[in-house]
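The residues making up each chain are set out below.
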Amino acid sequence: MTVVALVPAAGRGERLGAGRPKALVPVRGEPLLTHAVRGLLASGRVDHVVVAAPPAEVDQVADLLRPLGPAVHVVAGGGERTDSVRLALDAALTFAPAADVVLVHDAARAFTPPEVVRAVVDAVVGGAPAVVPVLPVADTVKQVDADGRVVGTPDRSALRAVQTPQGFAVDLLRRAHAAAEGAATDDAGLVERLGEPVATVPGHPWAMKVTTPFDLAVAEAVLAGEEGR
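All residue numbers here refer to positions counted from 1 along the written sequence of the relevant chain. Selection of residues for local features in this predicted model requires a pLDDT of at least 70, selection of side-chain atom pairs for listing and counting requires 80 or more, and totals for whole chains, interfaces and linings are taken over all residues. Side-chain measures here rest on the full set of heavy atoms in the structure, leaving out hydrogens and waters.

A rise of 1.5 Å per residue sets the reference length of helix α4 (residues 114-125), with its 12 residues, at 16 Å; its end C-alpha atoms lie 16 Å apart and thus fit the reference within 8%. For the exposure calls, accessible area comes from a 1.4 Å probe over protein chains only, and a residue counts as buried if that area is under 20% of its type's maximum, exposed if over 50%, partly exposed in between. Helix and strand definitions here come from DSSP, where helices need a minimum of 4 consecutive H or I residues and strands a minimum of 2 consecutive E residues; each element is numbered from the N-terminal end. For α4, the complete set of buried residues consists of Val116, Val117, Val120, Val121 and Val124. Buried residues of α4, seen end-on, are gathered within an arc of 130° and therefore sit on one face of the element. By definition in these notes, contact holds between two residues if any of their heavy atoms fall within 4.5 Å. For α4, the elements touching its buried residues are β1 (3-8), α1 (32-42), β6 (101-104), β7 (130-136), β11 (166-169) and β12 (199-202). Directly beyond the C-terminal end of α4, a positive phi value near 125° is found at Gly127. Given the number of residues in a helix, its expected span is that number minus one, multiplied by 1.5 Å. An arc is given here, and it is the one of the directions from the helix axis to the C-beta atoms.

In this analysis, the protein atoms alone were mapped onto a 1 Å grid. Cavities are point sets where a 1.4 Å probe fits without being able to get out; pockets are open sets with protein on both sides within 12 Å along at least five of seven lines; lining residues have an atom within 4 Å of a point. Grid points are joined across faces, edges and corners, and a volume is the space filled by probe spheres set on the points. Approximately 270 Å³ is the volume found for the second largest pocket. Lining of the second largest pocket is provided by 14 residues; of these, Ala110, Phe111, Thr112, Pro114 and Leu223 occupy positions nearest its centre. Those elements that provide at least two residues to the lining of the second largest pocket are α1, α4 and α7 (213-227). With four residues, the single largest contributor to the lining of the second largest pocket is α1. Grouping the amino acids of the lining of the second largest pocket by side-chain chemistry returns eight nonpolar, three polar and three charged. Residue polarity follows a fixed list, in which Ala, Val, Leu, Ile, Met, Phe, Trp, Tyr, Cys and Pro are nonpolar, Asp, Glu, Lys and Arg are charged, and the others, Gly among them, are polar.

At their nearest, the axes of helix α3 (residues 81-95) and helix α5 (residues 170-179) sit 11 Å apart, and the two run at 140° to each other. Viewed along their axes, α3 and α5 adopt a mutual orientation that is oblique. Once α3 is placed against α5, the crossing between them reads as left-handed. When α3 is examined against α5, the residues Thr82, Val85, Arg86, Leu89 and Leu93 are found in contact with a partner set consisting of Val170, Leu173, Arg174 and His177. Looking at the contact of α3 with α5 residue by residue, the class counts come to five nonpolar, two polar and two charged. Lines fitted to C-alpha atoms define the axes here, with helix axes fitted over just the stretch in contact, and angles between the N-to-C directions of these axes take values from 0 to 180 degrees. Comment on the angle field: the value is read as roughly parallel under 35 degrees, roughly antiparallel over 145, roughly perpendicular from 65 to 115, and oblique elsewhere. Handedness of a crossing follows from how the near helix is turned relative to the far one, being left-handed for an anticlockwise turn of less than a right angle and right-handed for a clockwise one.

What follows is about the environment of Ser43. As for its placement among the helices and strands, Ser43 is situated in the loop between α1 and β4 (48-53). Between the C-alpha atoms of Ser43 and Pro113, which are 70 residues apart in sequence, the distance is 8.2 Å. In contact with Ser43, not counting residues within four places along its chain, are Pro114, Val117 and Arg118. For Ser43, the side chain forms a polar contact with the main-chain oxygen of Leu40, separated by 2.6 Å. The term polar contact refers here to a pair of N or O atoms within 3.5 Å; inside protein, the definition further demands a hydrogen-donor-capable atom paired with an acceptor-capable atom, and it admits residues adjacent in sequence only when both atoms are side-chain atoms.

Structure, rendered in C-alpha cells:
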C-alpha cells in the first residue's frame, strides 16, 4: 500500500498580510509548510509528499524541506489551488505509479495531528473511496441571499466543518479533477459532483486553517504551549 500526500502551497496568502506566500510564514521559527509536511511524515502512513510551491520559490522551498528527507518532492504549482493539486498529482504518479491512496493537505492546516492523518488513510484503505476529517459546527449558521438578508437557518446538528488532509483512492481523485470545471477549494466537493460517497472521520481543533493574523497568533500560542510541556 503506497500513500502519497499532495500539499498545494502556491497561494499568495493576501489575507494573512505577511508579504510572502502563506506557506512560508513562520510559526515558532519554522514555516507553516515545514510544520505541515513534518506532520504528514510523522503519521507513519505517508510514503511520499509532493509540495506544489510558488513557481518563483521552487528552489527555496526545496532547500527548506530538504532536511525532512528524500520522501519530500517539490514542483511548481499553478495559478489556482485546483491547478496545483493536478500538477502535484501528475508529478507523484511519475515516481509512485502504483500509489493506492492520495491525500490532499493544506499547508495552512500545519498543526493537524498525525493521528488525524492516520485515521484518514486507514479509512481509505478500509474501503472508503473518499474521506474527510470533520468537526461539529459550534456556531449557528445563517443562509443569506444576494442582498445579505437571512433566508434560512440550517440545523447545525447536521453540519460539519471540513478539515484536511482529505483522502482518496487515486483513480477517483483523477476522475474528479478531469471532470472539474473551473477552480475549486475542496477536492471532496469535486468527488461529490461525480455522485460518489464521501465518508468522514473525526477531525481535531488543532487542524484549524491559518488564514488571518488572528489565526497566526492562535497557532503561535498553541505551539508555545506544547513546547512548554
